[in-house]
2 protein chains.
Amino acid sequence: MESVFDIIAEPNRRAILSLLVSSQQSVGEIERQLRMPQPTVSKHLRVLREAGFVESRVDAQRRLYRLKPEPFQELDDWLAQFRRLWSQHVDALERHLDRMDAPMDRARPTKSKTTKRQRGPNREHDNGETK
Amino acid sequence: MESVFDIIAEPNRRAILSLLVSSQQSVGEIERQLRMPQPTVSKHLRVLREAGFVESRVDAQRRLYRLKPEPFQELDDWLAQFRRLWSQHVDALERHLDRMDAPMDRARPTKSKTTKRQRGPNREHDNGETK
DNA sequence: CACGTATATGCGTTCAAGAGTATATAAGAA
DNA sequence: TTCTTATATACTCTTGAACGCATATACGTG
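Residues numbered from 1 in each chain as written. Chains lettered and ligands numbered in written order. Predicted model: local features only at pLDDT ≥ 70, side-chain atom pairs only at ≥ 80, totals over all residues.

Colleague: Please provide a residue-by-residue account of the protein's contact with DNA strand C, values included.
Modeller: The environment of DNA strand C is formed by 22 residues, the closest being A:Ser26, A:Gly28, A:Pro39, A:Ser42 and B:Ala60. Taken together, the elements giving at least two residues each to the surface near DNA strand C come down to α3 (27-34), α4 (38-50) and β3 (62-67) of chain A together with α4 (38-50) of chain B. Here the surface near DNA strand C takes six residues from α4(A), the largest share from any one element. Considered class by class, the residues forming the surface near DNA strand C number eight nonpolar, nine polar and five charged. (Near = placed C-beta within 6 Å. Helix = DSSP H or I, 4+ residues; strand = E, 2+ residues; numbered from the N terminus. Nonpolar A, V, L, I, M, F, W, Y, C, P; charged D, E, K, R; others polar.)

This is the structure:
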């Protein structure tokens, strides 16, 4: 196992990560909240730690785990290449919703001017190519 | 196997997805570009299709595969809960870089005003709050 | 010291995903 | 029809990740 993708593929690990969003937690706290056997928690925490998703601080016999940002950034970077793909999709939904709550929407113009509306990553899409 | 996370955990599948970003491709084209045995490509495409990452169009004996946006959005939604975590981190880096190549120290706005109804894959970080 | 708590690790088992090979299906082309 | 190209599927084998259980380590307390 290696990549950040493998790490987050495991549901229990994702649960742990989500739990740590709010604040750092000890192994026991995670164990109780997620109702997961302690060795399971420890083993997943080990994987997460070695992958850089979390780091631990020693507090007496406890170990407090907290999130680290880097791997999430890496995930986001990978996802970035697909953003144009679905931001376009979001736009379609937005246009739909805009039409929904636009009160006077009568006589839809055959060609509505696209509003400038600059937001989110690259707004230039389109380029047919799909034959 | 079920979740979108399991799907993208496989390196070959990620390669296929990345390949399809530029444009739709036939199985044979994918096979050649990725130097991957044809059954392997077909099997991964099947998984990707059933998970909604791609869809196929029939073109004579060929099948043209192209990306679909939804699963990527789902990934982005999951990632969203961690954004605050690392946007902070990015900000630190940005501030650093800004100081690097900003010789004249141009009054960077302390707080950008939020535009009405924000959306699109969130590019807005800011909002400190994290301790 | 002995004892309880908190966490980590070792071991055996199970299970399913990926790979490889062969083969099936389908659609042109001759 | 027969042949060739393009893609899908069936089957077997291997591997490795996750789990359960037992145990080791470490710290605090009496």
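Colleague: Account for the relation of the copies chain A and chain B, naming residues and giving values.
Modeller: Overlaying chain A on chain B yields an RMSD of 0.2 Å, the required transformation being a rotation through 180° with an accompanying axial translation of 0.1 Å. Between the two chains, the operation in question is that of a two-fold axis. In this assembly the copies share their binding face: 81% of the residues contributing to the interface of chain A also contribute to that of chain B. (Least-squares fit on C-alpha atoms with pLDDT ≥ 70 in both. Contact = placed C-beta atoms within 7 Å.)

Colleague: Report on α4(B), specifying residues and quantitative values.
Modeller: All names here are of chain B. Its 13 residues place the ends of α4 18 Å apart at the C-alpha level, agreeing with the 18 Å of an ideal helix rising 1.5 Å per residue. In the core, the buried residues of α4 are packed alongside α1 (4-8), α2 (11-22), α3 (27-34), β2 (54-59) and β3 (62-67). The positive-phi residue at the C-terminal boundary of α4 is Gly 52, with phi of around 85°. (Expected span 1.5 Å × (residues − 1).)

Colleague: Tell me about the sheet that holds β3(B), and name the residues and values.
Modeller: Residue and element names in this part refer to chain B. The strand order across the open sheet formed by three strands is β1-β3-β2, and the pairing between neighbours is antiparallel. Every interior strand has two partners, whereas the edge strands, β1 (25-26) and β2, have only one. Inspection of the sheet shows β2 paired to β3 by six bridges, in the antiparallel sense. The residue bridging Val 58 from the neighbouring strand is Arg 63, located in β3. In the packing of α2 onto the sheet, contacts are made with β1, β2 and β3, and the angle to β3 comes to roughly 90°. Docked against the sheet, α4 engages β2 and β3, running at close to 115° with respect to β2. (Pairing = 2+ DSSP bridges. Axes fitted to C-alpha atoms, helices over the stretch in contact; angles between N-to-C directions.)

Colleague: Break down the nonpolar core for me, citing the residues and quoting the values.
Modeller: Core analysis: the biggest nonpolar cluster contains 30 residues, and A:Val54 and B:Val54 have the highest contact counts within it. Residue assignment for this core shows that the elements contributing at least two residues are α1 (4-9), α2 (11-22), α4 and β3 of chain A together with α1, α2, α4 and β3 of chain B. Among the elements that make up this core, the one with the highest residue count is α1(A) (four residues). Residues in contact with B:Val54, not counting those within four places in the same chain, are B:Leu20, B:Leu45, B:Leu48, B:Arg49, B:Tyr65, B:Arg66, B:Leu67 and B:Lys68. (Core = buried A, V, L, I, M, F, W, Y, C linked by C-beta atoms within 7 Å. Buried ≥ 20, exposed ≤ 12 C-beta atoms within 10 Å, placed from the backbone.)

Colleague: An account of the protein's contact with DNA strand D is needed here, citing residue identities and associated values.
Modeller: Surveying the vicinity of DNA strand D reveals 21 residues, the closest of which are B:Ser26, B:Gly28, B:Pro39, B:Ser42 and B:Arg62. Those elements giving two or more residues to the surface near DNA strand D turn out to be α4 of chain A together with α3, α4 and β3 of chain B. The element best represented in the surface near DNA strand D is α4(B), accounting for six residues. Across the surface near DNA strand D, the residue classes tally to seven nonpolar, nine polar and five charged.

Colleague: Describe in detail the interface of chain A and chain B, supporting the description with residues and values.
Modeller: Bring the parts together and some accessible area is lost; that lost area is often taken as the interface size. Counting residues at the interface gives 26 residues for chain A, matched by 24 residues for chain B. Listing elements by their share of the side of chain A that touches chain B, those giving two or more residues are α1, α2, α5 (70-80) and α6 (83-101) of chain A. Residue composition of the side of chain A that touches chain B, grouped by class: 14 nonpolar, seven polar and five charged.

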